[in-house]
Amino acid sequence: MSAAPDIVLVDDDAEVRHAYGQTLELDGLAVLPVAGAAAALKLLSPGFEGVVVSDVRMPGMDGFAFLDAVRRLDADIPVLLITGHGDVPMALRALRAGAWDFIEKPADPVLLVETVRRALEQRRLVLENRALREEAARDDAAAEDVWAARLIGRAEPMQRLRRTLAVLADTRTDVLIFGETGTGKEMAARALHDFGRRRAGRFVAVNCAAIPENMIESELFGHEAGAFTGARERRIGKIEHAHKGTLFLDEIESMPLAAQTRLLRALQERSIERLGSNAEIKVDIRVIAATKVDLLALADEGRFREDLVYRLNTVTVRLPPLRDRREDIPALFRHFVEAVAARDGVPARPVEPAALAALMRRPWPGNVRELRNAAERHVLGLEEAGAPDAFPPPPAPMPAGGTSLEAMMDAAERQLLAEALARHGGRVGQCAEALGISRKTLYLKMRKHGLERDAVED
Ligand SMILES: Nc1ncnc2c1ncn2[C@@H]1O[C@H](COP(=O)(O)OP(=O)(O)OP(=O)(O)O)[C@@H](O)[C@H]1O
Ligand SMILES: [Mg+2]
């Protein structure tokens, strides 16, 4: 008997085994005859590629008990029960109990073969579907791994972020990425491009804050020779350059209003005109814009075109600040330590658990970038990770809220509080004392600035 029978034939009557077995074998099927249900069960396993034909009345385990056991092993293995001739109630019972079909004794050879062949075909389809589903699940898991290796973080908001990005990657939908400094906006944009359908095209990044106001339109749209003073030669703009690829507009909040108007038109028409030309050039681009500030709030102040916001934010992806996913800090820190060590060809300095705990308590106003810089200093041996004053926060950045006195004072206050909290390992009592304010005032200010108090109690 071959190792993989098409049919396991169970009957206590040797004559029946012989007769039925012969009928099926004459039709080219591989039959494994077995005298008892218990023995037959040992021959089956989940994923068995054949079908079972079994008598109902047998000493020991009867056909119904056997059927039940097979179904518990693999509910999709077709079981054909052989019932007594004219025994309608038993046949119905067999079907209700989950038998695939029943065959009346004595079986008509043609009917027997036909029924068994149908059951085999059914079995083949079920197993094929199962294999396809498993393969798809493996593909999904592999895709998830690719994203997880790039955008590190097990915290819930990061998992959600990766799922969203994975869906968006294969679309042409324009995306607005919103997040504080250093949260990984550019990284997310690059991943959207690299793992998406446009990966064969270019990823063209434009930092709207870094280009002088009078240059931005020619940067984006290009110009013809002589379009303006100093435009000696024709120049292809970034938008045209990104044709069939991705245009990443970083710090879009800094884009001057005139350029916004032109950009809006380009996005609506999906075509541009170079400066100094009326010729329309069709462009197939996907736009990803990144911002650190709420564009609708800017629009309220008249500093951003509201219609452009709605054009850009078809989908808004929010990157969580590091303080909202502190559980990711150890993995990120270790990752950066390894990466820096590999880059510089130096040993990765170990990180003590206590140091990691201290790192998890810091406020990290500079988010992941600040953490990466800290890891770099750790590898270089410049600082002891987690020591109270190991990582002085970076100098106060330009306040995001603007340059009014109030906005600057707010930013300075936030910075001072973050520093003080870091210095005291997040101990609110000590911190309040050092600052000469009450705990309550400190709490209120922390809440106002979105600074988290951490686990350390004093
Ligand atoms: N989830 C992450 N996993 C691994 N590295 C990350 C992650 N998020 C950010 N980084 C790293 O942190 C640094 C800052 O990220 P990125 O430049 O994308 O931030 P950003 O939001 O664009 O910052 P900014 O607003 O200041 O421009 C980069 O070195 C990036 O590789
Ligand atoms: Mg950036």
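Because the structure is predicted, anything quoted here is derived from the model rather than measured. (Residues numbered from 1 in each chain as written. Chains lettered and ligands numbered in written order. Predicted model: local features only at pLDDT ≥ 70, side-chain atom pairs only at ≥ 80, totals over all residues. Heavy atoms only, no water.)

1. What to know about the site of ligand 1
In the vicinity of ligand 1 lie 19 residues, with Thr-181, Gly-182, Lys-185, Arg-369 and Arg-372 positioned nearest. Taking Ile-152, its main chain carries an N or O atom lying 3.0 Å from a nitrogen atom of ligand 1. Thr-183 has a polar backbone atom sitting 3.3 Å from an oxygen atom of ligand 1. Placement of ligand 1 is best described as lying within the second largest pocket. Those elements that place two or more of their residues in the shell around ligand 1 are α7 (185-194), α13 (329-344) and α15 (367-379). Each residue belonging to the shell around ligand 1 can be placed in one class, and the counts come to seven nonpolar, four polar and eight charged. Counting contributing residues per domain, the shell around ligand 1 is built from domain 2 (151-320) and domain 3 (323-448), each supplying no fewer than three. (Near = heavy atom within 4 Å. Polar contact = N/O pair within 3.5 Å; in protein donor to acceptor, adjacent residues only side chain to side chain. 1 Å grid on protein atoms, 1.4 Å probe; cavity = no way out; pocket = protein on both sides within 12 Å on 5 of 7 lines; lining within 4 Å. Sits in = over half its atoms within 2 Å of the grid points. Helix = DSSP H or I, 4+ residues; strand = E, 2+ residues; numbered from the N terminus. Nonpolar A, V, L, I, M, F, W, Y, C, P; charged D, E, K, R; others polar. Domains from an automatic or database assignment.)

2. Focus: helix α4 (residues 88-96)
Listing the buried residues of α4 in full gives Met-90, Ala-91 and Ala-94. Looking straight down α4, one finds that the buried residues subtend no more than 100° of arc, so they occupy a single side. The outward face of α4, more than 90 degrees from its buried face, is lined by the exposed residues Pro-89 and Arg-96. On its buried face, α4 sits against α3 (63-73), β4 (79-83) and β5 (101-104). Among the residues trailing α4, Gly-98 stands out with phi positive, at a value near 105°. (Buried < 20%, exposed > 50% of the residue type's maximum accessible area, 1.4 Å probe, protein only. Arc of directions from axis to C-beta. Contact = heavy atoms within 4.5 Å.)

3. Some remarks on the packing of aromatic side chains
A complete count under the given rule lists two aromatic pairs for this structure. Between Trp-147 and Phe-195, the ring centres sit 4.8 Å apart and the planes meet at 80°, which makes this aromatic pair edge-to-face. Taken together, the residues span a long stretch of sequence, with Trp-147 in helix α5 (residues 109-150) and Phe-195 in the loop between α7 and β7 (203-207) at a distance of 48 residues. Note on Phe-203 and Phe-248: the rings are 5.8 Å apart at their centroids and 25° apart in plane angle, and the pair reads as stacked. With Phe-203 in strand β7 and Phe-248 in strand β10 (residues 246-250), this pair connects stretches of sequence that are 45 residues apart. Lying over the aromatic face of Phe-64, Arg-93 brings its terminal NZ or CZ to 3.8 Å of the ring centre. It is Arg-262 that lies over the ring of Phe-221; its NZ or CZ is 5.0 Å from the centre. (Phe/Tyr/Trp six-rings, centres within 6.5 Å; stacked < 30°, edge-to-face > 60°. Lys NZ or Arg CZ within 6 Å of the ring centre and 35° of its normal.)

4. A closer look at the UniProt feature "domain: Response regulatory" (unreviewed entry) in the chain
In the numbering adopted here, UniProt assigns the feature "domain: Response regulatory" (unreviewed entry) to residues 6-120. Taken as a whole, residues 6-120 contains 45% helix and 19% strand, while its terminal C-alpha atoms sit 8 Å from one another. (UniProt positions renumbered as here; feature names shortened; annotations may be inferred.)

5. A look at the nonpolar core
In terms of nonpolar packing, the biggest core is built from 33 residues, with Ile-239, Leu-247, Leu-249 and Ile-252 touching the most fellow members. Going through the elements one at a time, β7, α8 (216-221), β10, α10 (257-269), β13 (286-291), α11 (295-300) and α12 (306-312) are the ones with two or more residues in this core. For this core, the leading source of residues is α10, giving five residues. If near-sequence neighbours (up to four positions away) are discounted, Ile-239 is found in contact with Leu-220, Phe-221, Leu-247, Leu-263, Ile-272, Val-283 and Ile-285. (Core = buried A, V, L, I, M, F, W, Y, C linked by side-chain atoms within 4.5 Å.)

6. Quick look at the layout of surface pockets
Of the volumes computed, that of the second largest pocket is approximately 570 Å³. Taken together, 25 residues form the lining of the second largest pocket, with Gly-182, Gly-184, Lys-185, Met-187 and Arg-369 sitting closest to its centre. Secondary-structure elements contributing two or more residues to the lining of the second largest pocket are α5, α6 (156-169), α7, α13 and α15. Here the residues of the lining of the second largest pocket sort into ten nonpolar, six polar and nine charged. When residues are assigned to domains, the lining of the second largest pocket turns out to be shared by domain 2 (151-320) and domain 3 (323-448), each giving three or more. (Points joined across faces, edges and corners; volume = space filled by probe spheres on them.)

7. What about the environment of Leu-67?
Note that Leu-67 resides in helix α3. A relative accessible area of 0% places Leu-67 in the buried class. Between the alpha carbons of Leu-67 and Ala-37 there is a distance of 9.2 Å; along the sequence they are 30 residues apart. With residues near it in sequence (within four places) discarded, Leu-67 still touches Val-79, Leu-81, Ala-94, Ala-97, Gly-98 and Ala-99.

8. Topic: the sheet that holds strand β6 (residues 175-178)
By way of backbone hydrogen bonds, the strands of a sheet pair with one another, either parallel or antiparallel. Spatial strand order, β7-β10-β13-β6-β14: five strands in an open sheet with parallel pairing. Only two strands of the sheet have a single partner each, and these edge strands are β7 and β14 (315-318). The mean angle between the axes of side-by-side strands here comes to 20°, regardless of whether they run parallel or antiparallel. (Pairing = 2+ DSSP bridges. Axes fitted to C-alpha atoms, helices over the stretch in contact; angles between N-to-C directions.)

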